[in-house]
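What the coordinates show
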Amino acid sequence: MRVGILTGGGDCPGLNAVIRAIVRRGVPEYGYEFLGFRDGWRGPLEAITRPLDIPAVRGLLPRGGTILGSSRTNPFAIENGVGRIKKNLQDLGVNALVAIGGEDTLGVASELHDAGVRVVGVPKTIDNDLSGTDYTFGFDTAVNIAVEAIDRLHTTAESHHRTLIVEVMGRHAGWIALHAGMAGGANAILIPEVRFDIDQVCEWVQSRFRLEYAPIVVVSEGAMPKDGEEVLLTGEKDAFGHVRLGGVGEWLGREIEARTGKEARTTVLGHVQRGGTPTARDRWLATRFGLHAIDAVAAGQWGQMTALRGADIVTVPLHEATQQLKLVDPALYAEAAVFFG
Ligand code: F6P
């Protein structure tokens, strides 16, 4: 059996650890051969491959990014995309595919499964917004990077009596902001799921100054004011129809400064949250997902995705996991709000 592997969508730390685990188990345990597809769905669409054997995956565990490359290619937005993928898989002698990705990559995997392709999914994303799994790998690393930044910003904010705003990624889900903000002791956390009141945010900021501390506001890139919309970096959309978010931190800085009369500055963490080596937890999760993904292939569990449930790795149907985003529960946000102001 020859198994193809691809990584699609925004990269995140831990992708290489999954690839390594799949190959390290798949070759000796099942006698499989592996073929890497380059740049997400572009690989099978255009038959761009690279060999994947045990020597090729040595040393990958701590390495960020993905040795296979990634892209946001959507075969369903390309004429005869599905037909081309099926033909290329057949010509290359690939009998099964492991797709490692987020809602878009796995959404494509789910539809390809419906079209007769033998595919198993592995959930990744720093955003942690995939249903069906408690956590995705990449998230823990992003949160830890954000917390380190917040810790550092506290001390400089206090020296200069400024408000510092930290804009984090997460798209339409506030998981990174919530976890990093709570762990970093933010004075306000603004997430896409709960519209914020700018007057209330300014009150929290002022109360922090009264205590002779400097406020830190963590804002998720998709957060929106009560009477406004998402702030966009550009008007462009990607192949899956996603807008490019970014800029709400700068907007907040200007508003807070104008309303409080005290200086406010913004730090946008951006792609730093996706780069570099995975945390120990993400290495552990990615490795376990890889091991269970190749077991799912061996068991013929097509159309399924590995998922973390408590301490167990289980499989769930791809179409369930990709139907709707996993958003922050208001009760969790209420816990964080105890520390605002
Ligand atoms: O989905 C991961 C993510 O990093 C989001 O948090 C962010 O909105 C988006 O990808 C950024 O995408 P790109 O790297 O294409 O700018």
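Residues numbered from 1 in each chain as written. Predicted model: local features only at pLDDT ≥ 70, side-chain atom pairs only at ≥ 80, totals over all residues. Heavy atoms only, no water.

Describing the layout of surface pockets
Over the atoms, a rolling probe the size of a water molecule traces out where space has been left empty. Here the largest pocket defines a volume of roughly 590 Å³. Surrounding the largest pocket, 32 residues form its lining, Arg72, Met169, Arg171, Glu221 and Arg274 being those nearest its centre. If you list the elements that add at least two residues to the lining of the largest pocket, you get helix 5 (103-114), strand 6 (163-168) and strand 10 (243-245). Tallied by class, residues from the lining of the largest pocket come to 8 nonpolar, 11 polar and 13 charged. Split by domain, the lining of the largest pocket shows at least three residues from each of two domains, domain 1 (2-138 + 278-322) and domain 2 (140-275). (1 Å grid on protein atoms, 1.4 Å probe; cavity = no way out; pocket = protein on both sides within 12 Å on 5 of 7 lines; lining within 4 Å. Points joined across faces, edges and corners; volume = space filled by probe spheres on them. Helix = DSSP H or I, 4+ residues; strand = E, 2+ residues; numbered from the N terminus. Nonpolar A, V, L, I, M, F, W, Y, C, P; charged D, E, K, R; others polar. Domains from an automatic or database assignment.)

Describing the site of the ligand
The immediate surroundings of the ligand are formed by Arg72, Ile126, Asp127, Met169, Gly170, Arg171, Glu221, His271 and Arg274. A distance of 2.5 Å separates an oxygen atom of the ligand from a polar side-chain atom of glutamate 221. The contact in question runs from an oxygen atom of the ligand to an N or O atom on the side chain of arginine 274, over 2.8 Å. Summarising the interface, the protein chains cover 80% of the accessible area of the ligand, which totals 390 Å² for the free molecule. When its residues are assigned to classes, the shell around the ligand shows 2 nonpolar, 2 polar and 5 charged. For the shell around the ligand, the domains that each give at least three residues are domain 1 (2-138 + 278-322) and domain 2 (140-275). (Near = heavy atom within 4 Å. Polar contact = N/O pair within 3.5 Å; in protein donor to acceptor, adjacent residues only side chain to side chain. Areas by Shrake-Rupley, 256 points an atom, 1.4 Å probe, with all protein chains shown as cover.)

Remarks on the UniProt feature "site: Important for catalytic activity and substrate specificity" (unreviewed entry) in the chain
Under the present numbering, the feature "site: Important for catalytic activity and substrate specificity" (unreviewed entry) in UniProt falls on Asp104. Mapped onto the fold, aspartate 104 is located in helix 5. Among all residues touching aspartate 104, those that are not within four sequence positions of it are Arg171, Phe240 and His242. (UniProt positions renumbered as here; feature names shortened; annotations may be inferred. Contact = heavy atoms within 4.5 Å.)

Some thoughts on the packing of aromatic side chains
Going through the model one piece at a time under the given rule, you end up with 7 aromatic pairs. Here tryptophan 204 and phenylalanine 340 contribute two aromatic rings whose centre-to-centre distance is 4.9 Å and whose plane-to-plane angle is 65°, an arrangement assigned as edge-to-face. You can see tryptophan 204 sitting in helix 8 (residues 198-210) and its partner phenylalanine 340 sitting in the segment after helix 12 (330-337), a full 136 residues away along the chain. Across this residue pair, the class does not change: tryptophan 204 and phenylalanine 340 are buried. An aromatic cluster is defined as three or more aromatic residues linked by ring pairs; in this entry it consists of Tyr30, Tyr32 and Phe34. Residue placement shows arginine 281 over the ring face of tyrosine 135; its charged tip is 5.7 Å from the ring centre. (Phe/Tyr/Trp six-rings, centres within 6.5 Å; stacked < 30°, edge-to-face > 60°. Buried < 20%, exposed > 50% of the residue type's maximum accessible area, 1.4 Å probe, protein only. Lys NZ or Arg CZ within 6 Å of the ring centre and 35° of its normal.)

A few points about the packing of helix 7 (residues 175-184) against helix 12
Here helix 7 crosses helix 12 at 30°, and the two axes come no closer than 10 Å. One way to sum up the angle between helix 7 and helix 12 is to call them roughly parallel. As helix 7 runs across helix 12, the sense of the crossing is left-handed. Contact residues: helix 7 offers Trp175, Leu178 and Met182, while helix 12 offers Leu332, Tyr333, Glu335 and Ala336. In terms of residue class, the contact of helix 7 with helix 12 is built from 6 nonpolar, no polar and 1 charged. (Axes fitted to C-alpha atoms, helices over the stretch in contact; angles between N-to-C directions. Parallel < 35°, antiparallel > 145°, perpendicular 65-115°, else oblique. Left-handed = near helix turned anticlockwise from the far one by under 90°.)

As for the domain arrangement of the chain
According to the domain assignment, the chain consists of domain 1 (2-138 + 278-322) and domain 2 (140-275). The centre of domain 1, based on its C-alpha atoms, is set 32 Å off from the matching centre of domain 2. Contacts between the two partners involve 21 residues from domain 1, matched on the other side by 18 residues from domain 2. With both sides pooled, the region where domain 1 packs onto domain 2 buries about 1,700 Å², and carbon together with sulfur makes up 54% of that total. (Buried area = accessible area lost by both parts, 1.4 Å probe.)

Quick look at helix 6 (residues 139-160)
Spanning 22 residues, helix 6 covers 31 Å between terminal C-alpha atoms, matching the ideal 32 Å at 1.5 Å per step. Residues of helix 6 that are buried: Phe139, Thr141, Ala142, Val143, Ala146, Val147, Ala149, Ile150, Leu153, His154 and Ala157. Tucked inside the fold, the buried residues of helix 6 contact strand 6, helix 7, strand 8 (216-220), strand 11 (264-268) and helix 10 (280-298). Phi turns positive one or two residues past the end of helix 6, at histidine 161, with a value near 50°. (Expected span 1.5 Å × (residues − 1).)

What to know about the nonpolar core
With 80 residues, the main nonpolar core has Ile5, Phe34, Ile100, Phe137, Leu190, Leu252 and Ile256 as its most contacted residues. Looking at which element gives the most residues to this core, the answer is helix 6, with 9 residues. Among the domains, domain 1 (2-138 + 278-322) and domain 2 (140-275) are the pair contributing at least three residues each to this core. Aside from chain neighbours lying at most four places away, what touches leucine 252 is Ile165, Leu190, Phe196, Ile198, Val217 and Val219. In this structure, Phe37, Ile85, Leu89 and Leu130 belong to the second largest nonpolar core, which totals 23 residues. (Core = buried A, V, L, I, M, F, W, Y, C linked by side-chain atoms within 4.5 Å.)

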